[in-house]
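Residue-level structure breakdown
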Amino acid sequence: NLTLGDMEASKRKFTAENADLLRQLQELESNANLLLKNKSGLVSALEEQKRIADDEAKDRISLLGKHRNLEHEAEGLKSSFEEETSSKENLFRQLNKALGDADMWRQKYEIDGLAKAEELEMSKLKLQARLSESQSTIEQLNNKLTQLDKSKTNLQGDLNEMSTQLDQAQILNDAMEKKAKQFDRIIGEYKSKVDGLSKDLDIAQKDTRNVSSELFRIKNAYDEAVLQLEEVRRENKNLSVEIKDIMD
(Lines give C-alpha, C1' and ligand atoms only; values in the text may rest on other atoms or scores of the structure.)
Protein backbone atom coordinates (compact mmCIF):
# COMPACT_ATOMS: atom_id res chain seq x y z
CA ASN A 1 0.00 0.00 0.00
CA LEU A 2 1.18 3.50 -0.95
CA THR A 3 1.71 5.88 1.96
CA LEU A 4 0.71 9.49 1.91
CA GLY A 5 4.37 10.56 1.57
CA ASP A 6 4.85 8.24 -1.42
CA MET A 7 1.76 9.65 -3.06
CA GLU A 8 2.94 13.21 -2.45
CA ALA A 9 6.37 12.35 -3.85
CA SER A 10 4.75 10.73 -6.91
CA LYS A 11 2.54 13.77 -7.32
CA ARG A 12 5.56 16.13 -7.21
CA LYS A 13 7.42 13.87 -9.64
CA PHE A 14 4.50 13.81 -12.08
CA THR A 15 4.13 17.57 -11.72
CA ALA A 16 7.84 18.11 -12.50
CA GLU A 17 7.70 15.70 -15.46
CA ASN A 18 4.54 17.41 -16.70
CA ALA A 19 6.19 20.86 -16.52
CA ASP A 20 9.29 19.54 -18.31
CA LEU A 21 7.20 17.93 -21.05
CA LEU A 22 5.19 21.13 -21.45
CA ARG A 23 8.44 23.10 -21.80
CA GLN A 24 9.69 20.59 -24.42
CA LEU A 25 6.38 20.82 -26.24
CA GLN A 26 6.60 24.62 -26.32
CA GLU A 27 10.18 24.43 -27.65
CA LEU A 28 9.12 21.96 -30.35
CA GLU A 29 6.18 24.17 -31.33
CA SER A 30 8.50 27.21 -31.49
CA ASN A 31 10.97 25.25 -33.65
CA ALA A 32 8.13 24.07 -35.89
CA ASN A 33 6.88 27.65 -36.33
CA LEU A 34 10.43 28.80 -37.14
CA LEU A 35 10.79 26.01 -39.71
CA LEU A 36 7.46 27.01 -41.26
CA LYS A 37 8.63 30.63 -41.53
CA ASN A 38 11.93 29.54 -43.10
CA LYS A 39 10.08 27.29 -45.51
CA SER A 40 7.73 30.12 -46.50
CA GLY A 41 10.69 32.46 -47.08
CA LEU A 42 12.52 29.89 -49.18
CA VAL A 43 9.38 29.12 -51.20
CA SER A 44 8.95 32.86 -51.90
CA ALA A 45 12.62 33.13 -52.91
CA LEU A 46 12.21 30.06 -55.14
CA GLU A 47 9.16 31.60 -56.82
CA GLU A 48 11.09 34.87 -57.36
CA GLN A 49 14.00 32.97 -58.91
CA LYS A 50 11.59 31.07 -61.15
CA ARG A 51 10.01 34.37 -62.26
CA ILE A 52 13.44 35.86 -63.02
CA ALA A 53 14.39 32.70 -64.93
CA ASP A 54 11.15 32.93 -66.95
CA ASP A 55 11.88 36.61 -67.76
CA GLU A 56 15.40 35.69 -68.83
CA ALA A 57 14.03 32.89 -71.03
CA LYS A 58 11.62 35.36 -72.68
CA ASP A 59 14.50 37.81 -73.29
CA ARG A 60 16.56 34.98 -74.71
CA ILE A 61 13.75 34.00 -77.13
CA SER A 62 13.37 37.66 -78.20
CA LEU A 63 17.13 37.94 -78.84
CA LEU A 64 17.09 34.74 -80.85
CA GLY A 65 14.25 36.19 -82.98
CA LYS A 66 16.25 39.37 -83.56
CA HIS A 67 19.29 37.24 -84.36
CA ARG A 68 17.35 35.33 -87.06
CA ASN A 69 15.95 38.60 -88.48
CA LEU A 70 19.47 40.02 -88.74
CA GLU A 71 20.60 36.86 -90.53
CA HIS A 72 17.74 37.22 -93.05
CA GLU A 73 18.60 40.89 -93.62
CA ALA A 74 22.26 39.99 -94.11
CA GLU A 75 21.31 37.37 -96.69
CA GLY A 76 19.18 39.98 -98.50
CA LEU A 77 22.06 42.47 -98.54
CA LYS A 78 24.40 39.77 -99.80
CA SER A 79 21.98 38.92 -102.64
CA SER A 80 21.65 42.63 -103.58
CA PHE A 81 25.43 42.97 -103.56
CA GLU A 82 25.79 39.98 -105.89
CA GLU A 83 23.14 41.41 -108.25
CA GLU A 84 24.94 44.78 -108.36
CA THR A 85 28.22 43.01 -109.06
CA SER A 86 26.63 41.05 -111.93
CA SER A 87 25.16 44.28 -113.35
CA LYS A 88 28.59 45.92 -113.18
CA GLU A 89 30.13 42.99 -115.09
CA ASN A 90 27.43 43.34 -117.80
CA LEU A 91 28.23 47.06 -118.15
CA PHE A 92 31.92 46.23 -118.52
CA ARG A 93 31.08 43.75 -121.28
CA GLN A 94 28.96 46.40 -123.09
CA LEU A 95 31.80 48.94 -122.75
CA ASN A 96 34.33 46.49 -124.18
CA LYS A 97 31.96 45.70 -127.07
CA ALA A 98 31.52 49.42 -127.82
CA LEU A 99 35.30 49.95 -127.77
CA GLY A 100 35.75 46.93 -130.07
CA ASP A 101 33.18 48.33 -132.50
CA ALA A 102 34.95 51.70 -132.46
CA ASP A 103 38.29 50.03 -133.22
CA MET A 104 36.68 47.98 -136.01
CA TRP A 105 35.21 51.04 -137.69
CA ARG A 106 38.49 52.93 -137.27
CA GLN A 107 40.45 50.09 -138.92
CA LYS A 108 37.89 49.87 -141.72
CA TYR A 109 38.21 53.58 -142.27
CA GLU A 110 42.01 53.38 -142.44
CA ILE A 111 41.98 50.39 -144.89
CA ASP A 112 39.11 51.35 -147.22
CA GLY A 113 39.41 55.15 -146.98
CA LEU A 114 41.67 55.46 -150.00
CA ALA A 115 39.18 53.69 -152.30
CA LYS A 116 36.43 56.23 -152.35
CA ALA A 117 36.65 59.72 -150.91
CA GLU A 118 32.90 60.20 -150.77
CA GLU A 119 32.36 56.87 -149.10
CA LEU A 120 35.13 57.76 -146.67
CA GLU A 121 33.50 61.07 -145.94
CA MET A 122 30.13 59.42 -145.39
CA SER A 123 31.76 56.71 -143.33
CA LYS A 124 33.60 59.41 -141.42
CA LEU A 125 30.35 61.13 -140.61
CA LYS A 126 28.76 57.82 -139.65
CA LEU A 127 31.78 56.90 -137.57
CA GLN A 128 31.74 60.28 -135.85
CA ALA A 129 28.08 59.85 -135.08
CA ARG A 130 28.69 56.30 -133.88
CA LEU A 131 31.73 57.46 -131.93
CA SER A 132 29.72 60.23 -130.31
CA GLU A 133 27.04 57.73 -129.47
CA SER A 134 29.70 55.35 -128.13
CA GLN A 135 31.28 58.13 -126.08
CA SER A 136 27.88 59.04 -124.72
CA THR A 137 27.29 55.38 -123.95
CA ILE A 138 30.71 55.16 -122.29
CA GLU A 139 29.94 58.22 -120.18
CA GLN A 140 26.63 56.72 -119.18
CA LEU A 141 28.34 53.44 -118.39
CA ASN A 142 31.01 55.26 -116.37
CA ASN A 143 28.30 57.10 -114.44
CA LYS A 144 26.53 53.81 -113.91
CA LEU A 145 29.80 52.25 -112.72
CA THR A 146 30.34 55.16 -110.33
CA GLN A 147 26.86 54.69 -108.91
CA LEU A 148 27.47 50.95 -108.64
CA ASP A 149 30.74 51.58 -106.79
CA LYS A 150 28.90 53.87 -104.37
CA SER A 151 26.16 51.27 -103.94
CA LYS A 152 28.80 48.61 -103.43
CA THR A 153 30.49 50.74 -100.75
CA ASN A 154 27.17 51.39 -99.01
CA LEU A 155 26.20 47.75 -99.21
CA GLN A 156 29.60 46.70 -97.87
CA GLY A 157 29.20 49.15 -94.97
CA ASP A 158 25.70 47.83 -94.24
CA LEU A 159 27.00 44.28 -94.46
CA ASN A 160 29.82 45.03 -92.01
CA GLU A 161 27.36 46.70 -89.62
CA MET A 162 25.02 43.71 -89.83
CA SER A 163 27.94 41.36 -89.17
CA THR A 164 28.88 43.40 -86.10
CA GLN A 165 25.27 43.27 -84.85
CA LEU A 166 25.18 39.53 -85.46
CA ASP A 167 28.39 39.06 -83.45
CA GLN A 168 26.99 41.17 -80.60
CA ALA A 169 23.72 39.23 -80.67
CA GLN A 170 25.65 35.94 -80.55
CA ILE A 171 27.75 37.16 -77.59
CA LEU A 172 24.60 38.32 -75.77
CA ASN A 173 22.92 35.00 -76.54
CA ASP A 174 25.88 33.07 -75.08
CA ALA A 175 25.79 35.26 -71.97
CA MET A 176 22.05 34.63 -71.58
CA GLU A 177 22.60 30.86 -71.87
CA LYS A 178 25.26 30.99 -69.13
CA LYS A 179 22.98 33.07 -66.92
CA ALA A 180 20.11 30.62 -67.50
CA LYS A 181 22.36 27.73 -66.43
CA GLN A 182 23.31 29.67 -63.25
CA PHE A 183 19.62 30.25 -62.47
CA ASP A 184 18.91 26.54 -62.98
CA ARG A 185 21.69 25.72 -60.48
CA ILE A 186 20.38 28.28 -57.93
CA ILE A 187 16.82 26.96 -58.29
CA GLY A 188 18.12 23.41 -57.73
CA GLU A 189 19.92 24.52 -54.56
CA TYR A 190 16.81 26.30 -53.22
CA LYS A 191 14.73 23.25 -54.02
CA SER A 192 17.14 21.03 -52.10
CA LYS A 193 17.00 23.42 -49.10
CA VAL A 194 13.19 23.47 -49.19
CA ASP A 195 13.09 19.66 -49.36
CA GLY A 196 15.47 19.45 -46.38
CA LEU A 197 13.37 21.90 -44.36
CA SER A 198 10.23 19.95 -45.26
CA LYS A 199 11.84 16.79 -43.91
CA ASP A 200 12.91 18.63 -40.72
CA LEU A 201 9.38 19.99 -40.33
CA ASP A 202 7.90 16.50 -40.72
CA ILE A 203 10.30 15.15 -38.07
CA ALA A 204 9.46 18.05 -35.70
CA GLN A 205 5.73 17.47 -36.20
CA LYS A 206 6.19 13.77 -35.54
CA ASP A 207 8.17 14.54 -32.35
CA THR A 208 5.42 16.98 -31.30
CA ARG A 209 2.77 14.31 -31.74
CA ASN A 210 4.87 11.84 -29.73
CA VAL A 211 5.34 14.37 -26.91
CA SER A 212 1.62 15.14 -26.95
CA SER A 213 0.85 11.43 -26.65
CA GLU A 214 3.35 11.06 -23.80
CA LEU A 215 1.88 14.13 -22.08
CA PHE A 216 -1.62 12.68 -22.37
CA ARG A 217 -0.42 9.36 -20.87
CA ILE A 218 1.29 11.13 -17.98
CA LYS A 219 -1.80 13.28 -17.35
CA ASN A 220 -3.92 10.13 -17.13
CA ALA A 221 -1.39 8.59 -14.75
CA TYR A 222 -1.40 11.82 -12.71
CA ASP A 223 -5.20 11.85 -12.49
CA GLU A 224 -5.17 8.20 -11.43
CA ALA A 225 -2.54 8.95 -8.74
CA VAL A 226 -4.64 11.87 -7.43
CA LEU A 227 -7.64 9.52 -7.15
CA GLN A 228 -5.51 6.97 -5.30
CA LEU A 229 -4.24 9.74 -3.00
CA GLU A 230 -7.79 10.81 -2.20
CA GLU A 231 -8.70 7.17 -1.48
CA VAL A 232 -5.73 6.82 0.89
CA ARG A 233 -6.72 10.05 2.63
CA ARG A 234 -10.27 8.75 3.14
CA GLU A 235 -8.93 5.44 4.52
CA ASN A 236 -6.58 7.34 6.88
CA LYS A 237 -9.46 9.50 8.02
CA ASN A 238 -11.65 6.43 8.68
CA LEU A 239 -8.78 4.77 10.55
CA SER A 240 -8.28 7.92 12.62
CA VAL A 241 -11.99 7.91 13.56
CA GLU A 242 -11.87 4.21 14.45
CA ILE A 243 -8.71 4.72 16.56
CA LYS A 244 -10.33 7.69 18.29
CA ASP A 245 -13.46 5.60 19.07
CA ILE A 246 -11.31 2.80 20.44
CA MET A 247 -9.32 5.21 22.59
CA ASP A 248 -12.55 6.70 23.95
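Everything below is about the structure shown above.
Worth saying up front: this structure is predicted, and the values here are computed from it rather than measured.

About the criteria used
Residues numbered from 1 in each chain as written. Predicted model: local features only at pLDDT ≥ 70, side-chain atom pairs only at ≥ 80, totals over all residues. Heavy atoms only, no water. Helix = DSSP H or I, 4+ residues; strand = E, 2+ residues; numbered from the N terminus. Buried < 20%, exposed > 50% of the residue type's maximum accessible area, 1.4 Å probe, protein only. Contact = heavy atoms within 4.5 Å. Areas by Shrake-Rupley, 256 points an atom, 1.4 Å probe, with all protein chains shown as cover. Lys, Arg positive; Asp, Glu negative; His and termini not counted. Charge placed at Lys NZ, Arg CZ, Asp CG, Glu CD. Core = buried A, V, L, I, M, F, W, Y, C linked by side-chain atoms within 4.5 Å. Patch = residues over 30% accessible without salt bridge, like charges linked within 9 Å, V, L, I, M, F, W, Y side chains within 5 Å. Salt bridge = Lys/Arg side-chain N within 4 Å of Asp/Glu carboxyl O. Phe/Tyr/Trp six-rings, centres within 6.5 Å; stacked < 30°, edge-to-face > 60°. Lys NZ or Arg CZ within 6 Å of the ring centre and 35° of its normal. Polar contact = N/O pair within 3.5 Å; in protein donor to acceptor, adjacent residues only side chain to side chain.

So, about the overall build of the chain. Helix and strand counts for the chain stand at two helices and zero strands. With respect to the principal axes defined by its C-alpha atoms, the chain has extents near 190 × 20 × 15 Å. For the chain, buried positions account for 19% of its 248 residues. A sequence separation of at least 24 residues applies to 93% of the contacts in the chain between residues at least 6 apart. Accessible surface, the chain: about 18,400 Å² in total, of which carbon and sulfur atoms supply 52%. A gap of 1 Å separates the mean positions of the 40 positive and 49 negative side-chain charges of the chain.

Okay, the nonpolar core next. Counting residues in each nonpolar core, the largest one holds seven residues, listed as Ala32, Leu35, Leu42, Val194, Leu197, Leu201 and Ala204. At the level of secondary structure, the elements contributing two or more residues to this core comprise helix H1 (4–112) and helix H2 (117–247). Of all hydrophobic cores here, the second largest spans six residues; its members include Leu21, Leu25, Val211 and Leu215.

Next up on the list: a negative patch on the surface. A cluster of acidic residues, Glu71, Glu75, Glu82 and Glu83, forms a negative patch at the surface. If you trace the backbone, Glu83 turns up in helix H1. For Glu83, a relative accessible area of 55% translates into the label exposed.

With that settled, consider the packing of aromatic side chains. The geometry of two aromatic rings is summed up by the distance between their centres and the angle between their planes. Tallied over the entire structure, the rule returns zero aromatic pairs. Between the NZ or CZ atom of Lys193 and the centre of the ring of Tyr190, over which it lies, the distance is 5.7 Å.

Summarising the element assignment, Asn173 is placed in helix H2. When residues no more than four places from it in sequence are discounted, the contact partners of Asn173 are Arg60 and Leu64.

This paragraph deals with a nonpolar patch on the surface. A contiguous nonpolar patch, built from Leu239, Ile243 and Met247 and spanning about 340 Å² of accessible area, is present on the exposed surface. Note on placement: Leu239 falls in helix H2.

Let us look at the pattern of salt bridges. In this structure the tally under the stated criterion is 10 salt bridges. For Arg23, the salt bridge is made with Glu27, and the minimal N-O distance between the two is 2.9 Å. Highlighted residues: Arg23 and Glu27, both in helix H1, separated by four residues, approximately one helical turn. Its relative accessible area of 40% is what places Arg23 among the partly exposed residues. As a salt-bridge pair, Glu189 and Arg185 come within 2.9 Å of each other at their nearest N and O atoms. Of this pair, Glu189 and Arg185 are both found in helix H2, four residues apart, which corresponds to roughly one turn of the helix.

What follows deals with the side chain of Glu56. Inspection of the secondary structure puts Glu56 in helix H1. Residue Glu56 is classed as buried on the basis of its relative accessible area of 15%. Among the polar contacts listed, one links the side chain of Glu56 to the side chain of Lys179, at a separation of 3.4 Å. In this structure Glu56 touches Met176, Lys179 and Phe183, once residues within four positions along its chain are discounted.

Another point: the environment of Lys39. Relative to the helices and strands, Lys39 resides in helix H1. Sequence spacing of Lys39 and Asp59 is 20 residues, and the spatial spacing of their C-alpha atoms is 30 Å. If we ignore the near neighbours within four places in the chain, the residues touching Lys39 are Leu197 and Ser198.

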